[in-house]
Amino acid sequence: MRLQTGASAAAFAIAANAKSLSEVCTLSNVKSALPANGTILGINLDPSASTASIVYNASVGGSMGSTTTTSETFNYCNVTLTYNRPGKDNSVVVKYALPAPSDFKKRFYVGGGGGYSLSSDATGGLEYGAAGGASSAGYDALNGVSYDDVVLYGNGSINWDATYMFGYQALGEMTQVGKYFTKGFYGLDSGSKLYTYYEGCSDGGREGMSQVQRWGEEYDGVITGAPAFRYAQQQVHHIFSSEVEKTLDYYPPPCELAKIVNATIAACDPLDGRTDGVISRTDLCMLNFNLTSIIGEKYYCAAETATSLGFGFSKRQAAGSTTSYQPAQSGTVSAEGVAVAQAIYDGLHNTKGERAYLSWQIGSELSDAETQWNNNTKKWELDITSMGGEFVAKFVELLDLNNVSSLENVTYDTVVGWMDTAMTRFYDSLQTTIPDLTKFQKAGGKLLHYHGESDPSIPAASSVHYWQAVRDTMYPGLSAKESLSKLQDWYQFYLIPGAAHCGSNSLQPGPYPENNMDIMINWVENGVKPSRLNSTVSSGEHEGETQMLCQWPSRPLWRSNSTFDCVHDKKSIESWTYQFPAFKLPVY
């Protein structure tokens, strides 16, 4: 970024000496704080389109995956700016929430979105004394338009502008403009330090990783939860469970699948050294538990009618509500049901037996495999989740559809082919797997990365695989001990025992981190490097218990009912390590 040599001295002086929000939240101060065209490469601001207004007693919005909450209300200046990019005919609107000068702590905050949506809320940083921003991305994202709404101009025609903006560009540009503007707004010298933070989970986690990979020098601290790495593999993977059921020609009642999961949790819970309803070591479960031991166990579920409001991490992503009916279910776990669960946990392979992708950890809820009841045929049938079906239809087959109609004539090789096509097509936009983070590391950036170990949407091993790729790429000539020591100085990764997707797990009452931003601020601004992650159990027998989680690759092992050690287990780490020979290109 090339900084302007000077802005309006008068505006800086007014802002610097201001004692009230009303003195800085003026259109004249906003316009004076804008970077001149040419200051930020490729960004031309339109001062005439700027707006400024004070918002009083507002509650703050949290990013997807935010682990701190506040009941406080805040006064802030709500600013909108508009810029154009040379050669493009669409404008981009960015909005910023700037705290009162007395509350401002020289921080800038970027919050992540979820699903196919960027965050439209700029207020997430107010509780930290930070200005924050959000972007329209050029396709009206501030008003609820999601990327999958605009990815195609029409059948066969990809909207590449929207793809790159959603992939990484919108947040990077919003941050560059926002940092420059924030300094001018408060009258800071152009060389003053403005601590810049990012926080997000799910696609918000991927968005954060896109910023580390593409705009690393702009950020001081980044917190990413369960990142949706590898759109090609990850999104198509949502269809894998249905393909298993079709291939094996068995459509288990949801109650049978639930019994398999719950029985697995009960059996594997004690393997970590404490019986508390949580599989803290899914690797020990994978290495020591045989699903076939569940065959013959009884299950029962009462009839129910359920309504889904649309977006759900573990099931549907299409807009609008749906209602489903399930009759009472009873029986015993079948060999066919166990075979379905085992094939899903084993992961996708092509017909040559070559691994194509990793899968969910054993004991994770099998959400994508849930079948639907056909009241006419009185049978359980495939329920293809639109999280996978829409991606295949729109992003791979380039048809403006929200799901695939069926899996007729689809094989495991077809699924691998969909992944291969999408990986090549979106390698430089949505895949988000660049393992060389040198710019971020050299700029002094700190990365806190976490993932629920029993995530039923984005497999926890996906994060492990990326962490391994960064370590191998950044420190190829060092010993394991040396590379780990260097990596942990700026990139720390934590698995959260029992946790689900971007939150705690109703099936496993385990811990979940509550103050990640406080930890990050302390690390960045005070040099207090964490070695464990502070988490709290929110339900169950051990509700309120604080657990300091182990930093990967160490793993927890309870030695009493109240204490666990962080141990290094070679077999455990190997069980988390995957290669993907089904693809010719490397899959980071």
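Here, every reference points to the structure presented above.
Reference entry: report on the structure contained in this document. A quick note: this is a predicted structure, and the numbers were derived from the prediction, not measured.

Running from amino to carboxyl end, helix H9 (residues 254-268) crosses helix H11 (residues 335-346) at an angle of 60°, the nearest separation of the two axes being 10 Å. Crossing handedness for the pair H9 and H11: right-handed. Contacts from Glu-256, Ile-260 and Val-261 in H9 reach Gly-337, Val-338, Ala-341 and Tyr-345 in H11. Of the residues assigned to the contact of H9 with H11, the class counts are five nonpolar, one polar and one charged.

This paragraph deals with the nonpolar core. The biggest cluster of nonpolar side chains holds 130 residues, and the ones touching the most others in it are Leu-81, Tyr-147, Phe-181 and Tyr-491. Beyond its immediate chain neighbours, meaning those up to four positions away, Leu-81 contacts Val-30, Leu-34, Leu-45, Ser-50, Val-92, Val-93, Val-94, Tyr-96, Val-177 and Phe-181. Within the second largest apolar cluster, 22 residues are counted, among which are Cys-201, Ile-496, Ala-499 and Ile-519.

Before going further, it helps to examine a nonpolar patch on the surface. Together, Tyr-427, Leu-585 and Tyr-588 make up a nonpolar patch on the protein surface, roughly 250 Å² of accessible area in all. Within the element layout of this structure, Tyr-427 appears in the loop between helix H13 (412-425) and helix H14 (438-442). A relative accessible area of 33% means that Tyr-427 is categorised as partly exposed.

Let's shift gears to helix H15 (residues 460-474). Under the 1.5 Å per step criterion, the end-to-end length of H15 is 22 Å for 15 residues, consistent within 8% with the ideal 21 Å. Along H15, 13 of the 15 residues are buried, which leaves the element largely enclosed by surrounding structure.

Summed over the entire model, instances satisfying the criterion amount to 18 salt bridges. Note that Lys-246 and Glu-243 form a salt bridge whose closest N and O atoms lie 3.9 Å from each other. Taken as a pair, Lys-246 and Glu-243 lie in helix H8 (residues 240-248) at a separation of three residues, close to a single helical turn. For Asp-283, the salt bridge is made with Arg-555, and the minimal N-O distance between the two is 3.1 Å. Remark: Arg-555 occurs in strand S22 (residues 555-558) and Asp-283 occurs in helix H10 (residues 282-288); sequence separation between them is 272 residues. Assessed through its relative accessible area of 0%, Asp-283 is described here as buried.

Summed over all chains, the structure comprises five disulfides. Shown here is the disulfide that connects Cys-25 with Cys-77, its sulfur atoms set 2.1 Å apart. Torsion about the S-S bond of the Cys-25 and Cys-77 cystine: about 75°, corresponding to right-handed handedness. With Cys-25 in the loop between helix H2 (21-24) and helix H3 (27-32) and Cys-77 in strand S3 (residues 74-84), the pair connects residues that are 52 residues apart, well separated along the chain. For the pair shown, Cys-25 and Cys-77 are each scored as buried. Here Cys-268 pairs with Cys-285 through a disulfide, and the sulfurs are 2.0 Å apart. One quick way to see it: the torsion about the S-S bond of Cys-268 and Cys-285 is about 60°, and its sign makes the bridge right-handed. Here Cys-285 lies in helix H10 and Cys-268 lies in helix H9, a separation of 17 residues in the sequence. Take Cys-268 and Cys-285: they sit in the same class, and that class is buried.

Within the secondary structure layout, Ala-52 lies in strand S2 (residues 51-58). When the C-alpha positions of Ala-52 and Ile-384 are compared, they lie 46 Å apart, and in sequence the two are 332 residues distant. Excluding residues within four positions of it along the chain, Ala-52 makes contact with Cys-25, Thr-26, Leu-27, Val-30, Cys-77, Asn-78 and Val-79.

Attention shifts here to the packing of helix H5 (residues 160-186) against helix H6 (residues 203-214). Put simply, H5 and H6 touch, their axes get as near as 9 Å, and they point 65° apart. The interaxial crossing formed by H5 with H6 has right-handed handedness. Here Phe-166, Gly-167, Tyr-168, Leu-171 and Gly-172 of H5 lie close against H6, whose contacting residues are Asp-203, Arg-206, Glu-207, Ser-210, Gln-211 and Arg-214. The residue inventory of the contact of H5 with H6, partitioned by class, reads three nonpolar, four polar and four charged.

So, on to the packing of aromatic side chains. Considering all chains together, one arrives at 28 aromatic pairs under this definition. Aromatic pair Trp-160 and Phe-426: ring centres 5.8 Å apart, planes at 45°, arrangement tilted. On the criterion of sequence distance, the pair formed by Trp-160 in helix H5 and Phe-426 in the loop between H13 and H14 is long-range, its members being 266 residues apart. Consider the rings of Trp-558 and Phe-564, whose centres lie 4.8 Å apart with planes at 65°: the pair is edge-to-face. The class for Trp-558 is buried, based on a relative accessible area of 7%. What makes Phe-564 buried here is its relative accessible area of 12%. Among the aromatic residues, those joined into a ring-pair cluster are Tyr-116, Tyr-147, Trp-160, Tyr-164, Phe-166, Tyr-168, Tyr-231, Phe-391, Phe-395 and Phe-426. A cation sits over an aromatic face here: Arg-214 above Tyr-168, 4.3 Å from the ring centre.

Parameters and conventions
In every chain, residue numbers begin from 1 and rise along the written sequence. Under the rules for a predicted model, residues below a pLDDT of 70 receive no local features and side-chain atom pairs below 80 are neither given nor counted, while totals for whole chains, interfaces and linings still include all residues. Here the side-chain values reflect all heavy atoms present in the structure, with hydrogen atoms and water set aside. In this analysis an axis means a line fitted to C-alpha atoms, helices contributing only their contacting stretch, and an angle means the value between N-to-C directions, from 0 to 180 degrees. Numbering goes from the N terminus for both helices and strands, where a helix is a DSSP run of H or I of at least four residues and a strand is a run of E of at least two. Working rule for handedness: look at the near helix, and if it is turned counterclockwise from the far one by less than a right angle, call the crossing left-handed; if clockwise, right-handed. A contact between two residues is defined here by any heavy atoms of the two lying within 4.5 Å. Think of it as three bins: nonpolar holds Ala, Val, Leu, Ile, Met, Phe, Trp, Tyr, Cys and Pro, charged holds Asp, Glu, Lys and Arg, and polar takes everything else, Gly as well. Buried Ala, Val, Leu, Ile, Met, Phe, Trp, Tyr and Cys residues form a nonpolar core when they are joined through side-chain atoms within 4.5 Å. The rule is simple: take the accessible area with a 1.4 Å probe, protein chains only, and divide by the maximum for that residue type; under 20% is buried, over 50% is exposed, in between is partly exposed. Residues forming no salt bridge and having over 30% relative accessible area are the ones grouped into patches, like charges within 9 Å of each other and nonpolar side chains (Val, Leu, Ile, Met, Phe, Trp, Tyr) within 5 Å. Note on areas: these come from Shrake-Rupley sampling with a 1.4 Å probe, and a residue is covered only by the protein chains present in the view. Salt bridges are defined as contacts in which a side-chain nitrogen from Lys or Arg sits within 4 Å of a carboxyl oxygen from Asp or Glu. Expected helix span is computed as 1.5 Å times (number of residues minus one). Two cysteine sulfurs form what is called a disulfide whenever their separation falls within 2.5 Å. Geometry of aromatic contacts follows a simple scheme: Phe, Tyr and Trp rings, the Trp one being its six-membered ring, pair when their centres are within 6.5 Å, and the pair is stacked under 30 degrees between planes, edge-to-face over 60, tilted otherwise. By definition here, charges over rings are those cases where NZ of Lys or CZ of Arg is within 6 Å of the ring centre and within 35 degrees of the ring normal.

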